Amino acid sequence: AMILAALVLAVGPHGAAGASSALRHSETLRAGRAAGLQHALDDPQAARAPVRVVRGGNATGSGKTMSSGKTMFIDSEAGEPGCMATSKVNSGSNKNDMCPESCPFFVQDRNDWDFCTFACVAEDHCASYNPHTHIGDKKLGVCRSCIVSGCLHCDTSVTEERCSECQAGYYLKDGQCWFKYGGAVSLVHGVIAGIVLLVAIWLLEWGFRPTVNQAGLDHALEARERARLKMKKDGDGVRKMFPLTTNLLNEQVAGPGMMLHFNFQVFLMIWAVFVAVVWMCFAHFVDADLWRLGTSKFGVPRENCILVMWGYERQQALMWTKVEFLWIVYFGSFLMCMAYGIYQLRAFQEVDYQHKTMKDFMAMIVGLPAIEGTKNVEEDLKAHIEQLTGQRLVGVSVAWDWQEHQVAIEKALDDDLQERLYLSGADQPELLDEPQMGGLRSLLYKLEKSLLGLGPAAAVTERTEEDAGRHIEELLQALHTSPRAFAVFETQQAKERTVHALRAGFSFEGASGIVMEELDAEPDTVQWACFGHSTRTQKIIRLALGVGCILLACLFWAVVFYAPYAYYVMTFNYENGREPGFIVGFAFSMIVVVGN
């Protein structure tokens, strides 16, 4: 009315006629708009570019046109969507909107060029808007495709759960898809179940098996008790177990390595709490939407469109918080790692100063020539170092190159140990006859002996002890020294003085440039059989072989274990919020365990 009054004043004497003409023109526009809407619904060509109805968000006006097509914006207060009218949702749309009872199903309009456009239709109109969603789901309130496991293309000629074409590995029968290799899968499941049952029976049989060698059992339990970690002897000379309240961060239980390891675990916990607290502060003091981003569950297509648009807008608006968070976490992690490294070094040094161990009396000799085993290298090298420095040595342990003969030499050492025990008069285990068993117990007992290498003793050869000794002596004399050896001193001061005196190197057996170095390693960590095989070329070859084996193992894991899971997950029908069940998630966990 105000606009018409202004027009009357503006046109002067002809104002009444102008106002009457404006009213007639307005009515014509309204009639034309209604006719255009009906034409868009009736004409298939016009349906390709239907009138667009947008609710909520930034759609606040009416009668405006978007550049992408004919788009008529209607306020969200205009009510529920009408039947057969296409609506474009945005971040401000209400996910809980429902269609009228006459057309109760939301369907995504695939007849236009826009995205996230939906209409309310009856079930018989579902396929006309989206050929792939021909079934009206009353529970979800949407048009959807069929839900048939292994289906590639649904049968759109019926509004039932029927498939017309199955995925690879499935065959079609009565509109359903069946796995072609179901028999093989059932066989594998049967084999696994049989193995599990056998192991369960085996463990149960162990529990009821009578003890036939009490002396051997007692000896084994005693050896196990001696191997357990215990505290130092108390006033009564008894070594007790460590209490559960033992602080493994600063108390020595199994060496400094364990203490440093538990310090590392605590550092990881502190770092994780630091990262979480920083993010919680952003979410609490900046914007509560940071709690929700990335955690909302997906659902039907209309809800997904609204969710994605909302998430995108919030991400863009809060991007500065993520950048600030990354800067804080990056510099905080750097400073924490530096402080942690310094703390670990100081903690190890403090423990090392408080405890004297074998490494404090040992130095490593590097650069020895290859010397044959016919020479008494240990004694010659010991005497040579004592002559050069004037310091007394307990002895020298030469690292021989004996990797190729490791099995034979270790067997000879074990035989020699057993012979020394026998000559010392130590208690020898009594040889007992095998107990009489029958049925399943006998079968399991034989299987145990086979797996643990407890079969019958090998036949004793007629070779005399002299021949055996000559054989191992010839083998040892054919060995050569590696470039390294270990010198053991009577005192720590003697070691330090010797290392200082020989810092420029010395000569031995025609080789010069031999040096002596201090080493932070205990004797029980030395891998004696690996010396002599540490040239640069050999290291590169071993590294390449190791990486190759790992890659082959990863390839086997990926093809045999992960690929079937990935194929199933990628071909799963995720429409309308469907997700794989618990078994699939559990299978993924087991696949990760096997891969590790």
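The present account deals with the structure reproduced in this document. (Residues numbered from 1 in each chain as written. Predicted model: local features only at pLDDT ≥ 70, side-chain atom pairs only at ≥ 80, totals over all residues. Heavy atoms only, no water.)

### Regarding the pattern of salt bridges
At step 1: Per the counting criterion, the structure on display carries 23 salt bridges.
At step 2: Linking E490 and R392 is a salt bridge whose minimum nitrogen-to-oxygen distance equals 3.5 Å. Of this pair, E490 sits in the loop between β14 (480–489) and α15 (492–501) while R392 sits in the loop between α11 (377–389) and β13 (393–401), and the two are 98 residues apart along the sequence.
At step 3: We classify E490 as partly exposed; its relative accessible area is 46%.
At step 4: You can call R392 exposed: its relative accessible area is 57%.
At step 5: Between R420 and D416 there is a salt bridge, with the nearest N and O atoms lying 2.7 Å from each other. Placement of both R420 and D416 in helix α12 (residues 406–423) is noted, with a separation of 4 residues, approximately one turn of the helix.
At step 6: Exposure remark for R420: the relative accessible area of 56% places this residue in the exposed category. (Salt bridge = Lys/Arg side-chain N within 4 Å of Asp/Glu carboxyl O. Helix = DSSP H or I, 4+ residues; strand = E, 2+ residues; numbered from the N terminus. Buried < 20%, exposed > 50% of the residue type's maximum accessible area, 1.4 Å probe, protein only.)

### Digging into the state of the cysteines
At step 1: Under the counting rule described, the total for this entry stands at 7 disulfides.
At step 2: Residue pairing for C99: its cysteine sulfur links by disulfide to C120, the two sulfurs lying 2.0 Å apart. Where C99 bonds to C120 through sulfur, the torsion about that S-S bond is close to -75°, and the disulfide is left-handed. Residue C99 is found in the loop between β3 (87–88) and β4 (105–108), and its partner C120 is found in strand β5 (residues 117–121); the two are separated by 21 residues along the sequence.
At step 3: Of the residues examined, C120 reaches a relative accessible area of 0% and is grouped as buried.
At step 4: Through a disulfide, C126 is tied to C143; the S-S separation comes to 1.9 Å. The sign of the -55° torsion about the S-S bond sets the C126-C143 disulfide as left-handed. In this pair, C126 sits in helix α4 (residues 126–129) while C143 sits in strand β7 (residues 142–144), placing the two residues 17 residues apart along the sequence. Across this residue pair, the class does not change: C126 and C143 are buried. (Disulfide = S-S within 2.5 Å.)

### Re the environment of Q214
At step 1: For Q214, the location among the structural elements is in helix α6 (residues 214–227).
At step 2: Only 2.9 Å separates the side chain of Q214 from the side chain of D218, close enough to count as a polar contact. (Polar contact = N/O pair within 3.5 Å; in protein donor to acceptor, adjacent residues only side chain to side chain.)

### A look at the sheet that holds β14
At step 1: Spatially, β13-β14-β12-β16-β15 is the arrangement adopted by the 5 strands of the open sheet, whose pairing is antiparallel. Each edge of the sheet is formed by a strand with only one pairing partner; in this case those strands are β13 and β15 (506–508). For this sheet the average axis-to-axis angle between neighbouring strands, irrespective of direction, equals 35°.
At step 2: In terms of strand pairing, β15 meets strand β16 (residues 511–518) through 2 bridges, oriented antiparallel. What sits directly across from F508, in β16, is A511.
At step 3: Contacting β12 (362–366), β13, β14, β15 and β16, α11 crosses the sheet at an angle of about 135° to β13.
At step 4: Set on the sheet, α15 makes contact with β12, β14 and β16; between it and β16 the angle comes to about 140°. (Pairing = 2+ DSSP bridges. Axes fitted to C-alpha atoms, helices over the stretch in contact; angles between N-to-C directions. Contact = heavy atoms within 4.5 Å.)

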